[in-house]
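Tertiary structure, described
Spelled out from the first residue to the last, the chains are:
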Amino acid sequence: GVEKEAADILVVLGQTSLVIQVKTRILPLGKENELGDVETARFTRMIGKALDQFRALLEAINAPGFGSFLNVRGLPINFEKTQKRMVLIVIYAVVLPDGTRPDFKLQLTKSCHTDYALSIHLFSLEKFEILACFLNTFPDFLNFLQLREDLQAVGLIDQMADPVDV
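So, how was this worked out
Residues numbered from 1 in each chain as written. Predicted model: local features only at pLDDT ≥ 70, side-chain atom pairs only at ≥ 80, totals over all residues. Heavy atoms only, no water. Helix = DSSP H or I, 4+ residues; strand = E, 2+ residues; numbered from the N terminus. Buried < 20%, exposed > 50% of the residue type's maximum accessible area, 1.4 Å probe, protein only. Contact = heavy atoms within 4.5 Å. Areas by Shrake-Rupley, 256 points an atom, 1.4 Å probe, with all protein chains shown as cover. Expected span 1.5 Å × (residues − 1). Salt bridge = Lys/Arg side-chain N within 4 Å of Asp/Glu carboxyl O. Pairing = 2+ DSSP bridges. pLDDT = per-residue confidence, 0-100. Phe/Tyr/Trp six-rings, centres within 6.5 Å; stacked < 30°, edge-to-face > 60°. Polar contact = N/O pair within 3.5 Å; in protein donor to acceptor, adjacent residues only side chain to side chain. Core = buried A, V, L, I, M, F, W, Y, C linked by side-chain atoms within 4.5 Å.

**Some details on the overall build of the chain**
Counting its secondary structure elements, the chain contains three helices and seven strands. Along the chain, helices (α) and strands (β) appear in the sequence β-β-α-β-β-β-β-β-α-α when read from the amino end. Counting across all 166 residues of the chain, residues that qualify as buried make up 38%. Contacts spanning at least 24 positions in sequence make up 64% of the contacts within the chain whose residues lie at least 6 apart. With the model as given, the accessible surface of the chain reaches about 9,800 Å², and the carbon-plus-sulfur share is 55%.

Written out as structure tokens, the structure is:
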């Protein structure tokens, strides 16, 4: 079949898989104070590409004969189709050509997409860095994500809620 990147980071631990896509948009010079219409459209396409990669990943997993991923070193990572939980995360960042962050903060209309078979969590790099400090173990992070999904599903927190406030 066709070889495609499954994820930037893939962690398979027991019956749980954590799949992370990291997307970065480098702004052109002179755009450190605002994200204009053209750059907004490019950023939106970048996030859409991450969602499409997750969709392709799920299709590949459900294909007959699928049983493992190959990592960058060519070593197989076995993957059972009976995985009880798959967590999908997009981490996004907008940076300037020198690697610094722009003066403005970027906010998506949703921080958790539940429009697919699985929830997709979206975090800015800044928010993910904060969460990684507080939720510094794999089980803590997974428990946080599950609580966040559950609270959003019953309407106790808005899908725009800052992840740090959950």
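**Here we look at helix α1 (residues 37-62)**
Under the 1.5 Å per step criterion, the end-to-end length of α1 is 38 Å for 26 residues, consistent within 8% with the ideal 38 Å. Taken as a whole, α1 has its buried residues at E39, F43, M46, I47, A50, L51, Q53, F54, L57, L58 and I61. For α1, the secondary structure elements touched by its buried residues are β2 (16-26), β3 (68-70), β5 (85-95) and β7 (120-124).

**A short note on the pattern of salt bridges**
All told, the structure shown has five salt bridges when counted by the stated rule. When the shortest N-O distance is used, the salt bridge between D52 and R55 registers 2.5 Å. Remark: R55 and D52 occur in helix α1; sequence separation between them is three residues, near one turn of the helix. It is possible to trace a salt-bridge network through shared partners that takes in R25, E39 and R42.

**Topic: the pairing of β2**
Direction of pairing for strand β1 (residues 9-13) relative to β2: antiparallel, over a ladder of five bridges. Bridge pairing in β2 links V12 to S17. Count of turn residues in the β1/β2 antiparallel hairpin: two residues, of which G14 carries a positive phi of about 60°.

**So, the confidence of the model for the chain**
Averaged over every residue, the pLDDT of the chain is 79; residues scoring 70 or more account for 86%. Summarising per-element confidence for the chain, the mean pLDDT is lowest in strand β6 (residues 112-113) (66) and highest in β2 (87).

**Details of the packing of aromatic side chains**
All chains considered together, the criterion is met by four aromatic pairs. Measuring from ring centre to ring centre gives 5.5 Å for F43 and Y92, while their planes differ by 75°; the resulting arrangement is edge-to-face. With F43 in helix α1 and Y92 in strand β5, this residue pair connects regions lying 49 residues apart in the sequence. For the pair shown, F43 and Y92 are each scored as buried. In this structure an aromatic cluster arises from ring pairing among F123, F128 and F141.

**Quick word on the pairing of β7**
Among the five residues that make up β7, five are buried, leaving the element largely enclosed by the rest of the structure. Burial along β7 is two-sided: I120, L122 and S124 facing one way and H121 and F123 facing the other are all buried. Where β5 and β7 come together, five bridges link them in parallel fashion. Opposite I91, over in β7, you have F123 as the bridge partner.

**What about the side chain of E39?**
Structurally, E39 is set in helix α1. Accessibility expressed as a relative area gives 3% for E39, which makes it buried. A distance of 3.0 Å separates the side chain of E39 from the side chain of R25, its partner in a polar contact. A polar atom in the side chain of E39 sits 2.8 Å from the side chain of R42.

**Looking at the nonpolar core**
Counting residues in hydrophobic clusters, the biggest one holds 26 residues, and the most contacted among them are V19, I47, I61, F69, M86 and V90. Of all the secondary-structure elements, those providing two or more residues to this core are α1, β5 and β7. Of all the elements, α1 adds the most residues to this core, at nine residues. Each residue touching I47, except ones within four places of it in the same chain, is listed here: V90, Y92 and L122.

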